[in-house]
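# Working through the structure, step by step
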Amino acid sequence: MSGKRVVITGVPGVGKTTVIDASMKRLAEEKIPYKAVNFGSCMFDTAKAEGFVEDRDQMRTLDKDIQKKLQKLAAQRIGAMEGNIIVDTHASVKTPAGYLPGLPEWVLTELHPDTIVLVETDEDQILLRRIGDESRKRDAEGSRSIVEHQQMNRAFAAAYAMMTGCTVQIVRNENFLLDHAIDAMVTVLR
Ligand code: AP5
């Protein structure tokens, strides 16, 4: 395996995909080759083909053993990729049965991350972004619950760092300050 593996995480609606897309453009200008892979899309390809779900937002309500199986298959596909890779995913997924680790041992051993990035911002901004994004079926959640999820994600990321020796970086993606988030992300990726 060659190249750098950067796993980018954040609660739904924090804007991780927005920051990744913009950072990819900056990296292309600097001629630094990277491939961005969405872990949820890899899981969804299999979940849809197997008839488990119709849309990606249903995946987190599936039986946890099915979610784990989908995770493992996605991790194997991404783990086999060569070069510098960004993995757009979740430190933890909020399911009806509790927080499901996004990067359990069987995912980490496939991905071998160099760094895990936590994209964060204030809970009220996340809440408003979710309400404004009509393309998705977001879970109804209050700001206290978003605070808890962001705290849990830090705990999960620390555990992943202990297991792999990877570094953990926090990137803030605040309203009207997307450029700052891109600068911070590109610094991690260079
Ligand atoms: P995934 O595809 O990651 O979906 P998601 O969590 O819903 O994330 P989004 O892409 O919708 O949100 P985002 O944070 O990237 O925000 P966006 O850039 O769109 O995962 C889908 C599913 O896959 C999961 O639910 C789970 O079931 C499964 N999954 C994935 N990984 C898994 C794993 N490892 N294990 C198990 N299951 C897994 O931005 C949102 C909005 O904010 C936009 O409107 C945008 O314009 C706005 N915005 C962004 N930045 C700013 C800013 N700075 N200022 C103002 N507005 C902003």
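Residues numbered from 1 in each chain as written. Predicted model: local features only at pLDDT ≥ 70, side-chain atom pairs only at ≥ 80, totals over all residues. Heavy atoms only, no water.

Moving on, we get to the nonpolar core. If you look at the biggest cluster of nonpolar residues, it comprises 28 residues, and the most contacted ones within it are Phe39, Ile78, Val87, Leu103, Leu111, Ile116 and Tyr160. Only helix H2 (39–49), helix H3 (64–79), strand S3 (85–88), helix H4 (105–111), strand S6 (115–120) and helix H6 (143–164) provide two or more residues apiece to this core. With five residues, H2 is the largest single contributor of residues to this core. Val19, Val117, Ala181 and Leu189 belong to the second-largest nonpolar core, a separate cluster that totals 20 residues. (Core = buried A, V, L, I, M, F, W, Y, C linked by side-chain atoms within 4.5 Å. Buried < 20%, exposed > 50% of the residue type's maximum accessible area, 1.4 Å probe, protein only. Helix = DSSP H or I, 4+ residues; strand = E, 2+ residues; numbered from the N terminus.)

Here the focus is the site of the ligand. The immediate surroundings of the ligand are formed by 27 residues, with Thr17, Thr18, Arg56, His90 and Arg136 found nearest. Taking Gly15, its main chain carries an N or O atom lying 3.0 Å from an oxygen atom of the ligand. Between Arg138 and the ligand, the recorded distance is 2.8 Å, taken from a side-chain N or O atom to an oxygen atom. Across the complex, the protein chains shield 86% of the 1000 Å² of accessible surface that the ligand would expose by itself. (Near = heavy atom within 4 Å. Polar contact = N/O pair within 3.5 Å; in protein donor to acceptor, adjacent residues only side chain to side chain. Areas by Shrake-Rupley, 256 points an atom, 1.4 Å probe, with all protein chains shown as cover.)

Before going further, it helps to spend a moment on the layout of surface pockets. Size it by volume and the largest pocket reaches roughly 820 Å³. Contributing to the lining of the largest pocket are 36 residues, with Pro12, Lys16, His90, Arg136 and Arg138 lying nearest its centre. Within the residue set of the lining of the largest pocket, elements represented by two or more residues are helix H1 (16–29), H2, H3, strand S4 (92–95) and helix H5 (123–132). Grouping the amino acids of the lining of the largest pocket by side-chain chemistry returns eight nonpolar, 14 polar and 14 charged. (1 Å grid on protein atoms, 1.4 Å probe; cavity = no way out; pocket = protein on both sides within 12 Å on 5 of 7 lines; lining within 4 Å. Points joined across faces, edges and corners; volume = space filled by probe spheres on them. Nonpolar A, V, L, I, M, F, W, Y, C, P; charged D, E, K, R; others polar.)

Phi angles above zero are rare outside glycine, and His112 is one such case at about 45 degrees. Summarising the element assignment, His112 is placed in the loop between H4 and S6. Taking the relative accessible area as the measure of exposure, His112 reaches 42% and is therefore partly exposed. Positive phi outside glycine occurs at Phe176, with the angle close to 65 degrees. Mapping Phe176 onto the fold places it in the loop between strand S7 (167–172) and helix H7 (178–189). Judged by its relative accessible area of 88%, Phe176 is exposed.

Next up on the list: the packing of aromatic side chains. Counted under the stated rule, the structure contains one aromatic pair. With a centroid separation of 6.2 Å and an interplanar angle of 35 degrees, the aromatic rings of Phe156 and Tyr160 are classed as tilted. Of the two residues, Phe156 and Tyr160 both sit in helix H6, four residues apart, roughly one turn of that helix. Comparing Phe156 with Tyr160, the two get one shared label, buried. (Phe/Tyr/Trp six-rings, centres within 6.5 Å; stacked < 30°, edge-to-face > 60°.)

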